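# Structure assessment
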Amino acid sequence: MAITPDSLFAFANPITMVGWVLLLVAPRWSLTRRLVLSGALPLVLAVAYVLLIGSHYLGASASEGGFSSLQEVTALFRDPWALLAGWVHYLCFDLSIGIWETHDAQKRGVPHLLLVPALLLTFLFGPLGLLLYALLRRWYPAPALAS
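Quantities reported herein were computed from a predicted structural model and do not represent experimental measurements.

Ranked by size, the top nonpolar core spans 26 residues in total, and within it Leu-23, Val-36, Leu-95 and Tyr-133 carry the most contacts. Contributing elements (two or more residues each) for this core: α1 (5-25), α2 (30-37), α3 (40-58), α5 (80-108), α6 (112-125) and α7 (127-136). Residue contributions to this core peak at 8 residues, all from α5. Residue contacts for Leu-95: discarding those within four places in its chain leaves Thr-16, Gly-19, Trp-20, Leu-23, Val-36, Leu-41, Pro-42 and Leu-45.

Here it is in C-alpha cells:
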C-alpha cells in the first residue's frame, strides 16, 4: 500500500481522537497520564509534522508557497503534503492546549465537568476553547507555591 496524504490523514485523525476522548472521559486514568498527559501523543504528531513539512521543502513543490502573504499560504497548501502538514500542526497544537488546560484545571481544582466544554471547543475551534478556559480559570486561583 502506498503512503499518500490521504492515508496518513486517515491515520492521524483517529490517533488524535483517542487522545481527546481520554482527556474528556478519563483524565486521571493511568493510560491517559502515560499516553496523553505526558505529552507523548503530541510529540508523535510533532515528529509527523517535521517529516511532512520536510517532505514538502525537499520535494518538487519546495519553491511553491510560503508564509509571507495569504496568497503564498494558499499556494503552499495546494501541495497535499504541505496541507497535511498544516492539519497535523493543528492536531498537535490543539491537543497540546487541551493537555495544558487539563493539567492546569487539575492543579487549580476546576471540576472536570466545567472543563469539558472548554476541551470540546478547543478540539473543535482551537482558540475559542482556549479563550473559554482562560475565562473559567479566573474563578479558580492557582494554589500558592510552598517555599
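Under the definition given, this model contains 3 salt bridges. Across the salt bridge formed by Arg-108 and Asp-104, the nearest N and O atoms sit 2.8 Å from each other. With Arg-108 and Asp-104 both in helix α5, this residue pair falls 4 residues apart, about one helical turn. Of the residues examined, Asp-104 reaches a relative accessible area of 4% and is grouped as buried. One salt bridge connects Asp-104 with Arg-137, and the closest N-O pair in it is separated by 2.8 Å. One end of the pair, Asp-104, is in helix α5; the other, Arg-137, is in the segment after α7, and 33 residues separate them in sequence. Residues joined in a network through salt bridges with shared partners are Asp-104, Lys-107, Arg-108 and Arg-137.

Okay, α2 next. Looking at α2, one finds that the buried residues are Thr-32, Val-36 and Leu-37. An end-on view of α2 places all buried positions within 70° of arc, on one side of the element. Of the surrounding secondary structure, the elements contacted by the buried residues of α2 are α1, α3 and α5. Just past α2, the residue Gly-39 takes up positive phi, approximately 90°.

Next up on the list: the environment of Asp-6. Following the sequence through the fold, Asp-6 ends up in helix α1. Once the C-alpha coordinates of Asp-6 and Trp-81 are considered, the two residues, 75 residues apart in sequence, prove to be 9.3 Å apart.

Looking now at α1. The end-to-end C-alpha separation of α1 is 30 Å, in line with the 30 Å expected for 21 residues at 1.5 Å each. Taken as a whole, α1 has its buried residues at Pro-5, Ala-12, Thr-16, Gly-19, Trp-20, Leu-22, Leu-23 and Leu-24.

Now for the side chain of Thr-102. Mapped onto the elements of the fold, Thr-102 is located in helix α5. Residue Thr-102 is classed as buried on the basis of its relative accessible area of 0%. Among residues more than four places away in sequence, those in contact with Thr-102 are Leu-23, Pro-27, Leu-37, Leu-115 and Leu-119.

Within the fold, Asp-94 resides in helix α5. We classify Asp-94 as buried; its relative accessible area is 18%. Not counting the four nearest positions on each side in its chain, Asp-94 is found in contact with Trp-20, Thr-122, Phe-123 and Gly-126.

Cut-offs used in this document
- Residues numbered from 1 in each chain as written.
- Predicted model: local features only at pLDDT ≥ 70, side-chain atom pairs only at ≥ 80, totals over all residues.
- Heavy atoms only, no water.
- Core = buried A, V, L, I, M, F, W, Y, C linked by side-chain atoms within 4.5 Å.
- Buried < 20%, exposed > 50% of the residue type's maximum accessible area, 1.4 Å probe, protein only.
- Helix = DSSP H or I, 4+ residues; strand = E, 2+ residues; numbered from the N terminus.
- Contact = heavy atoms within 4.5 Å.
- Salt bridge = Lys/Arg side-chain N within 4 Å of Asp/Glu carboxyl O.
- Arc of directions from axis to C-beta.
- Expected span 1.5 Å × (residues − 1).

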